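A structural walkthrough
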Amino acid sequence: MARVSGEDEAMLQAMLRQLFQSVKEKITGAPSLECAEEILLHLEETDENFHNYEFVKYLRQYICNTLGSMIEEEMEKWTSDQNQGEEFGYDTVVQHVTKRTQESKEYKEMIHSLKNIMMIVVESMINKFEEDEIRSQERQKKIQKEKSSSYCTDNCSDSDSSFNQSYKFCQGKLQLILDQLDPGQPKEVRYEALQTLCSAPPSDVLNCENWTTLCEKLTVYLSDPDPVFSDRILKFYAQTFTLSPLHMTKEIYTSLAKYLELYFVSRENHIPTLSTGIDISNPNVTHLLKKIRLLNEYQKEAPSFWIRHPEKYMEEIVESTLSLLSVKHDQSHLVSQKILDPIYFLALVDTKAVWFKKWMHAYYSRTAVLRLLEKKYKSLITTAVQQCVQYFELCETMKGDEVLGHSKSCGIKQKTFYYSGQELQYIYFIHSLSLLGRLLIYTQGRKLFPIKLKTRKDSVSLTDLLVLFTQLIYHSPTCPKMTSPGHLENYSPASMATEVLCILCDQKECAVECLYNNTVIEALLQPIHNLMKGTKAAPNCSETALIHIAHILARIASVEEGLTLLLYGENMNSSEEKSPTGAHLIAQFSKKLLDEDISIFSGSEMFPVVKGAFTSVCRQIYSTCEGLQALIPYSLHESIAKAWKKTSLLSERIPTPVEGSDSVSLVSQESQNIMAWEENLLDDLLNFAATPKGLLLLQRTGAINECVTFMFNQYAKKLQISRHKKFGYGVLVTQVASTAAGAIALQNSGFINALITELWANLECGRDDVRVTHPRYTPVDPIDQSCQKSFLALVNLLSYPAVFELVGNQSLPNKAEYSLREVPTSVIDIIDRLIILNSEAKIRSLFNYEQSHIFGLRLLSVVCCDLDTLLLLEAQYQVSEMLLNAQEENTLETSESHREFIIDSLSVERNHVLVRINLIGGPMERILPPRLLEKGNEPYPWPMFSSYPLPSCYLSDCVTRSTDLKQDDDLGKLLLCFKMSDKQTAWIENCRRQFCKIMKAKPDIISGGALVELLENFVLHLSESPSECYFPSVEYTATDANVKNENLSSVQQLGVKMTVRYIIGKYLPRNHTGHDWFVSSLFIIMLGDKDKTFQFLQQFSRLLTSAFLWLPRLHISRYLPVDTIESGIHPVYFCSTHYIEMLLKAEVPLVFSAFHMSGFAPSQICLQWITQCFWNYLDWVEICHYIATCVFLGPDYQVYICIAIFKHLQQDILQHTQTQDLQVFLKEEALHGFRVSDYFEYMEILEQNYRPVLLRDMRNIRVQST
C-alpha cells in the first residue's frame, strides 16, 4: 500500500473538506445515497467552480506528472501519421489517445496508487469523525441529565443532523434490528425493533447495505399471525410510500405485490370462496384488505410523480400489479366453490377502478400498460368482459327482485360487515365495467378486441361489447326509491353503463369507431321501438332507463357524425332501409310523449323528466338546418307549444301554501317541478330560433316573446345556453334580430336595455373603485377592447327589420340639457347621444367625447351598409346633413377666402362615412378613404368636403367592359333559340345549356343590350309555358289610378335618388317598407326604359324565381299562408338563407364554424346581400350576372352563389374570426375578386347534389290549392 506523509495527508484532508463544504448543500439535499453519488459524478457539468477546487487541481497535477510524457508521445505519433497522408479529425485523435492511455500499464498503476492514498486519507477522516461523535454523544447525555425535567432539548448540535443519524443507523444497527425481528425473539423485542425501524428516516433505512435482506424478511413477516406485528410492518410500508422517492418505494410496492400474489397462489391460506362470501369482521380478511388498500392507495398516487423517474421503475410497478390481478385459481370445481381472486378484493376497495383510470390518463404509463396487457396479461381483459357478460345473462334469466339484491345490498354496504357471493360478483362487475370503459377510449386499447371467451362460440367484438353496455341500461334493475338514492345511483348498473357510454361519446375518434353504427343505435332505440308498438320496452325497463338512453342519444346528436347517423343511417344513399332512421323514431316517440299518447307512464312522477329528456334529444336535432328539415313533418313545435301552454296554466293554479300546514313542502316541491318543466319547454322552443326556418315555426307558435324573455333571464344569470353547445347566445340573438317580431321581443324582454346599459358603463362610466386603483388608460384602438363585445352585439342586433321596428317613425329627443347621470336605454338614445351630436348639450354630456363619438360613427358606418337602414336614417334624421355640418364646423380659417379642414380622428371618420353613404358602387366602382393616417409630409391626402358634390377622386376610373353583340357566335346561337316555334322543356334546357356555356367562356358579353334582349325573350317564353308559371297571371294597366297617383314615402324617394346617382334614370317602385332594389336594378338593366321594365315585371311576376329575386313581390301577398304573412318573415329568409346555412355546413364547414364562434349567423348577411341585390358588394356587371343566372337557371342558384361567395372568402373569414370582427368585415367590405362566372362549375356540382330538395321546398312557400 502506498505511504503518505503526515504533511501530505493533512493537506489532502483540507482539500477534501473544502470540496465537501462547497457541495454540502447539494449532497444533503439528495434524497438517497445513489443520488448523492450521481451529483458528485456530474459535478463538473453543474458546478462552475469545479476547476478552482484545490483537490481537483491536485488530481490534475497528479495525472499530468504520471501520464504526461506518454500522452505527448502518442500525440506526436498521430501527428506524424497525419503528415504522411493519413488525415484524422481532432475528435478522432482525442479518442485514440484516450483509449491508448486507459489501456496502458502506467494508467492502471496510477489508479491503484491514487486509490490507496485516498483510502488512507478517508479512513483517517472517518476515525476522527467517530471520535468527535462519541464526545458529542457524551456531551449530549450530560446535557439531557441536567435538563431531565425539561422536554426542550438543544437541536443545534451536529449530532442531530440527518446525515449523522444516517451514519449512526447504518453502522450495525440495521443488522441488530434484523436479528431482533427474528420470530424466535420475545414479542416485546420484536415490537421495539419495529418501532425503531418506523421512527428512523426511511431514506436512511433504504440506503443501508442490508436493506435488501430487510425487505425480504419484512415480506415474510407480513404473514405473521400476530396482527399487531403485521400492522406495524404495513405502517412502515405506508410511511415509506409517503416519504421516499420512487426508486425506493418501487421496491416496497413490488415486494408487497409479490407477497400478495404468493399469498393467493398458496393453498395453505384460507381465502374465502364465492359461496361463503366475505366477512369483514374476520381478522384474516381485515388484514388482507388492509394490504390491498395500501397497494391501491399507492397505485392512485404513483402516476402523479413517476414520470420524473426512469421508465423501468414505472414498468416494474405496472407489471407487478397486472401479474397480481391475473392470478386465477383452478376453475374445475363449481362456480359457487370458486376461491376469490385478488381482483375481487381490489374491486372492494376501488369499485370504480380509479387506479386504472389514472394509469391510463398519461401516454407515459398508458403505453406500458397496454403493451403488457397485449403481450402477457390479456386474460385480465378477458375476465372483465366475461364478468359483464355473466351479469347481463343473470339479468335476463333471473327475476327483477332477485337481481335487485345485487345493487340493493351494494348501496348499503357501509351498514353491514358481510358481502355475499352475489354482491361480490356485482362489485366485480362494476369494476370490470369501469375498467373496460376506460380501455375503449384509447386506440391501442380497442385493438385488444375482439376477445375470445370460453363460454361463447363467437368472439366479443367492440360492437358486441357496446351493445351489451346498452342492453344493461334497460335490462338491469333500478335501485329502489325508498333507499337513499344519492349513493345507490352512482353504483347502479344503468347509471354506470350510461356514464361509460357518455364518456365514449365525448371522445370523437372512439365514438366514430365504436358507437356510430346502426347496430349500437338500434340497441339504444330498441325500448322505444317496443313502446311505439304498444308493448313494454323490456322486462325491467323503467322511466330511469329511458332517461339514461335519452342522455346518450343527446350526446350522439350533438356531434356532427352522430347527427348524420341518426338522420340518415350508415348507408346515406341506400334505399333499401324500410324502417325509419333514429331521428324519425325519436321524433315520433317524443311527440307521443308530449301529446301524452303513451299510457304506460301516465301519472308517474318521472314522466315529465322522460318527456324533457327526449325533447332535449330532438332539440339537438332540430337546432340544425338538416335536422329541422327531417323533423318538420312531426310538427314538434306545435306539440311543445301546446305542452308549454298547458304547463303555464298549471303553474298559475298552484295554491299559495299556508304557513304551518303539512302541505307546504309538497306544494313547494310541486311548484318547483312545474316551473322547471315550463322552463325546459321554453328552452326547447327557443332552440327552434337557431335556424331561419325554425324561427318561422317558433313565431307561428305565438311564444316568441316568452322564449326571448327566458333567453334574456338565462343570459343575465350568465348560464350556459345548453349542455352540449360550445358557444353562447350570439347566433340565437342574431337570428331573432333578423325579423321584426324578434326585434320587438328582444326589446320587450329587456335584452336591448341591458345591452345598452352595459355598453354605456364601459364606454362612459367604468367602476369607480377600479378607476381609483388603476386609472383609466388612453384607448389606442378606435373602439376600446372593453367596448368591442358590446359593439359587435349591437351590429348583430341592428339588422334592417330590427332598426325599422326600434327606430322607425320615432324622432330624436334632442333635449336642451342632458344630465351626466342620464343613461341611454334604447337604440334611439344611442343614436341621439353617440351618433347625431348636433348640439353642445350632447357633447358636454359625454365624459369621453371623442372616444364615444367615434364609437357612434363606427356603428353608423356598419349599420348603413344595409341600404334600407341608410335610407331610413337619412329620411328620418338627415344623417348626411349632420355629418356635413360637423365637417364644416371642424375647419380653420387660413385666409379671408380659404378654410382648411382640421384633420383629427373624428373628421377622418366622418369623411369615411360620408363617402360610404353617398357613393354607390362595387369594389372596382368606388374608392373609400382609409381611416388611418399615412407617414410623411401629407398624412391624409384624401380631400374632405362639407357640401355636395363629392370630390371626383372617390369615383373609380375603371371602364365598363362592352362587347359587340353581333360578332359573337355563341350569343347568336342563344338568341336563335328564342325564334324556334317549339318551346317545350327541351327548348328551355337548350337555352340554359347555351347560357352556361357563354358564362363559363365569355361572361363579359352578358351585359348591356345583349342582357336586355336575353332576359326579355327568355322570361316572355317562360311566362307563356304553363308548366313554368308558378303564380297566376294578373292584369295590370298603366292607367290604374292607384299606380299613377301613389305617393312615395320619404324612404322610397331617397331610394330613387340613390338609384339615379348610381345610373341616371327614374322609376317608381312598389309600396314597401324599404326600397325595391331589384326593380331599381332591373330599371338600370333596361337602360331606363320604364315601359320595358313594367312589361318585364308583369311577365316575370308569374315565375317562381320572382319570389326570391324580387322581395317586395311577396310583401303582404295573398299567395302566402296567413301565418307566414302574420310572421312578417320573407321566404328568402326562411327558405333561401335556411338552405345557405345548411349547405355551408356541408360544403364549407370551416366557415360555418367561424360564424358560430363569432356569434353571428350567415342568414343575416345573406339576407342583406340578397335584399339590396348585392349593391355596394359587387360591381355592376356581376350584379347583372347574378340576376341573369337566377332567371335562366332557377331560384336555387341564389343559394349556390352565396355558398360560392363564402368559399371565395374562406381565408378572410377565418382571419377575421381570430381578430373578432367578422360581422364588421362582412358588412363593410365589398366582395373583392369575386366573379359569378369563376364559380359556375362549382355551382353546377351543387345543383346536381341539392336542386331536388331546394326546389321542392321553394315551391312549397305558397298556399297549396285543396
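Per an unreviewed UniProt entry, the protein chain goes by the name TBC1 domain family, member 32 and belongs to Rangifer tarandus platyrhynchus.

Points about the overall build of the protein chain
Helices and strands together make up the secondary structure of the protein chain, namely 66 helices and four strands. In the protein chain, which comprises 1266 residues, the proportion classed as buried is 52%. Restricting to contacts in the protein chain with at least 6 residues of sequence separation, those with at least 24 account for 74%. Of the roughly 61,100 Å² of accessible surface on the protein chain, a fraction of 52% belongs to carbon and sulfur atoms.

Regarding empty space enclosed by the protein
Overall, the coordinates contain eight cavities of 30 Å³ or more when judged by the stated rule. The space that makes up the largest cavity amounts to roughly 110 Å³. Along the wall of the largest cavity there are 13 residues; nearest its centre are Leu798, Val827, Ile831, Ile835 and Val863. Mapped onto the lining of the largest cavity, the elements with two or more residues apiece are α44 (827-835), α46 (849-863) and α47 (867-877). Here the element with the most residues in the lining of the largest cavity is α44; it accounts for four residues.

Considering the confidence of the model for the protein chain
Scored by pLDDT, the protein chain comes out at a mean of 83, with 83% of its residues at no less than 70. For the protein chain, per-element mean pLDDT is lowest for helix α8 (residues 162-170), which scores 43, and highest for helix α63 (residues 1196-1208), which scores 97. Below a pLDDT of 50 lies the segment residues 404-415, which in the model reaches 25 contacts outside its immediate sequence neighbourhood of four places, other chains included. Note on residues 1037-1044: pLDDT under 50 across the span, and three contacts to partners over four residues away in sequence or across chains.

Considering the nonpolar core
With 362 residues, the main nonpolar core has Leu373, Phe449 and Phe469 as its most contacted residues. If we ignore the near neighbours within four places in the chain, the residues touching Phe449 are Ile381, Val385, Leu436, Leu439, Leu440, Val460, Ser461, Leu462 and Leu465. By size, the runner-up hydrophobic cluster in this structure holds 20 residues, among which are Met15, Val23, Met110 and Val121.

Structural notes on the environment of Glu513
Within the secondary structure, Glu513 sits in helix α27 (residues 508-515). Judged by relative accessible area, Glu513 falls into the partly exposed class, the value being 41%. Along the primary structure Glu513 and Thr463 are separated by 50 residues, whereas in three dimensions their C-alpha atoms are 9.1 Å apart. Apart from residues lying up to four places away in sequence, Glu513 is in contact with Arg446 and Leu462.

A short note on a negative patch on the surface
On the surface, a cluster of negative charge is contributed by Glu72, Glu73, Glu76, Glu106 and Glu109. Elements with a contribution of two residues or more to the negative patch: α5 (54-83) and α7 (105-146). It is α5 that contributes the most residues to the negative patch, three residues altogether. Tracing the backbone through its elements, the reader meets Glu72 in helix α5.

As for the packing of helix α59 (residues 1131-1147) against helix α66 (residues 1240-1259)
Packing of α59 against α66 brings their axes to within 11 Å, and their N-to-C directions diverge by 140°. As summarised for this structure, α59 and α66 are arranged oblique, according to the angle between their axes. Regarding α59 and α66, the two cross each other, and that crossing is right-handed. Each of Cys1135, Ser1136, Tyr1139, Leu1143, Ala1146 and Glu1147 in α59 lies in contact with α66, whose residues at this interface are Tyr1242, Leu1246, Tyr1250, Val1253, Leu1254, Asp1257 and Met1258. Its residues assigned to classes, the contact of α59 with α66 shows ten nonpolar, one polar and two charged.

Topic: the environment of Ala36
Secondary-structure assignment places Ala36 in helix α3 (residues 33-41). Sequence separation between Ala36 and Lys26 is ten residues; the distance between their C-alpha atoms is 7.8 Å. Filtering out sequence-adjacent residues up to four positions away, Ala36 remains in contact with Ile27 and Ala30.

Brief notes about helix α9 (residues 173-180)
Burial in α9 covers these residues: Leu174, Ile177 and Leu178. Along the axis of α9, the buried residues cluster in a sector spanning 105°; they form a single face.

Considering the pattern of salt bridges
Counted according to the given criterion, the structure contains 35 salt bridges. Notably, a salt bridge pairs Glu513 with Arg446, separated by 2.9 Å at the nearest N-O pair. One end of the pair, Glu513, is in helix α27; the other, Arg446, is in helix α23 (residues 443-446), with 67 residues separating them in the sequence. On the basis of relative accessibility, which here comes to 2%, the residue Arg446 falls in the buried class. We note a salt bridge from Lys592 to Asp597, for which the minimum N-O separation is 3.3 Å.

Notes on the state of the cysteines
Overall, the coordinates contain zero disulfides when judged by the stated rule. Considering cysteine sulfurs only, Cys505 is the nearest to Cys502, which forms no disulfide, with 5.8 Å between them.

Some remarks on the packing of aromatic side chains
Geometry of an aromatic ring pair is reported as the spacing of the ring centres plus the angle between the planes. Evaluated as defined, the whole model comprises 43 aromatic pairs. Centroid distance Tyr715 to Phe751: 5.4 Å. Interplanar angle 50°. Geometry classified as tilted. Placement of Tyr715 in helix α37 (residues 704-716) and of Phe751 in helix α40 (residues 751-765) is noted, with a sequence separation of 36 residues between them. When its relative accessible area of 24% is taken as the criterion, Tyr715 is described as partly exposed. On the accessibility criterion, Phe751 (7% relative accessible area) is buried. Here Arg232 stacks its cationic end above the ring of Tyr191, 5.0 Å away from the centre of that ring. Seen from the ring of Tyr491, Lys352 lies directly overhead, with NZ or CZ sitting 5.3 Å from the centre.

Observations regarding unusual backbone geometry
The peptide bond linking Phe449 to Pro450 adopts the cis configuration, its omega dihedral lying at 5°. The linkage connecting Tyr948 with the following residue, Pro949, adopts the cis geometry, with an omega of 0°. Structurally, Pro949 can be placed in the loop between α49 (905-918) and α50 (969-977). Phi at Ser635 is positive, roughly 50°, even though this residue is not glycine. For Ser635, the position within the fold is in the loop between α33 (625-631) and α34 (636-653). The phi dihedral of Asn1176 is positive, around 75°, even though this residue is not glycine.

Observations concerning the packing of helix α18 (residues 354-361) against helix α19 (residues 363-375)
At a closest axis distance of 5 Å, the pairing of α18 and α19 adopts a crossing angle of 110°. Taken together, the axis directions place α18 and α19 in an arrangement best described as roughly perpendicular. Here α18 contributes Phe356, Trp359, Met360 and His361 to the contact with α19, which in turn contributes Tyr363, Ser365, Arg366, Val369, Leu370 and Leu373.

Some points on the environment of Thr1093
Checked against the element boundaries, Thr1093 lands in helix α56 (residues 1090-1100). Taking C-alpha positions, Thr1093 is 8.0 Å from Val1079, a pair spaced 14 residues apart along the chain. Non-local contacts of Thr1093, meaning those with residues more than four positions away in its chain, are made with Leu1082, Phe1083 and Met1086.

Rules behind the numbers
- Residues numbered from 1 in each chain as written.
- Predicted model: local features only at pLDDT ≥ 70, side-chain atom pairs only at ≥ 80, totals over all residues.
- Heavy atoms only, no water.
- Helix = DSSP H or I, 4+ residues; strand = E, 2+ residues; numbered from the N terminus.
- Buried < 20%, exposed > 50% of the residue type's maximum accessible area, 1.4 Å probe, protein only.
- Contact = heavy atoms within 4.5 Å.
- Areas by Shrake-Rupley, 256 points an atom, 1.4 Å probe, with all protein chains shown as cover.
- 1 Å grid on protein atoms, 1.4 Å probe; cavity = no way out; pocket = protein on both sides within 12 Å on 5 of 7 lines; lining within 4 Å.
- Points joined across faces, edges and corners; volume = space filled by probe spheres on them.
- pLDDT = per-residue confidence, 0-100.
- Core = buried A, V, L, I, M, F, W, Y, C linked by side-chain atoms within 4.5 Å.
- Patch = residues over 30% accessible without salt bridge, like charges linked within 9 Å, V, L, I, M, F, W, Y side chains within 5 Å.
- Salt bridge = Lys/Arg side-chain N within 4 Å of Asp/Glu carboxyl O.
- Lys, Arg positive; Asp, Glu negative; His and termini not counted.
- Charge placed at Lys NZ, Arg CZ, Asp CG, Glu CD.
- Axes fitted to C-alpha atoms, helices over the stretch in contact; angles between N-to-C directions.
- Parallel < 35°, antiparallel > 145°, perpendicular 65-115°, else oblique.
- Left-handed = near helix turned anticlockwise from the far one by under 90°.
- Nonpolar A, V, L, I, M, F, W, Y, C, P; charged D, E, K, R; others polar.
- Arc of directions from axis to C-beta.
- Disulfide = S-S within 2.5 Å.
- Phe/Tyr/Trp six-rings, centres within 6.5 Å; stacked < 30°, edge-to-face > 60°.
- Lys NZ or Arg CZ within 6 Å of the ring centre and 35° of its normal.

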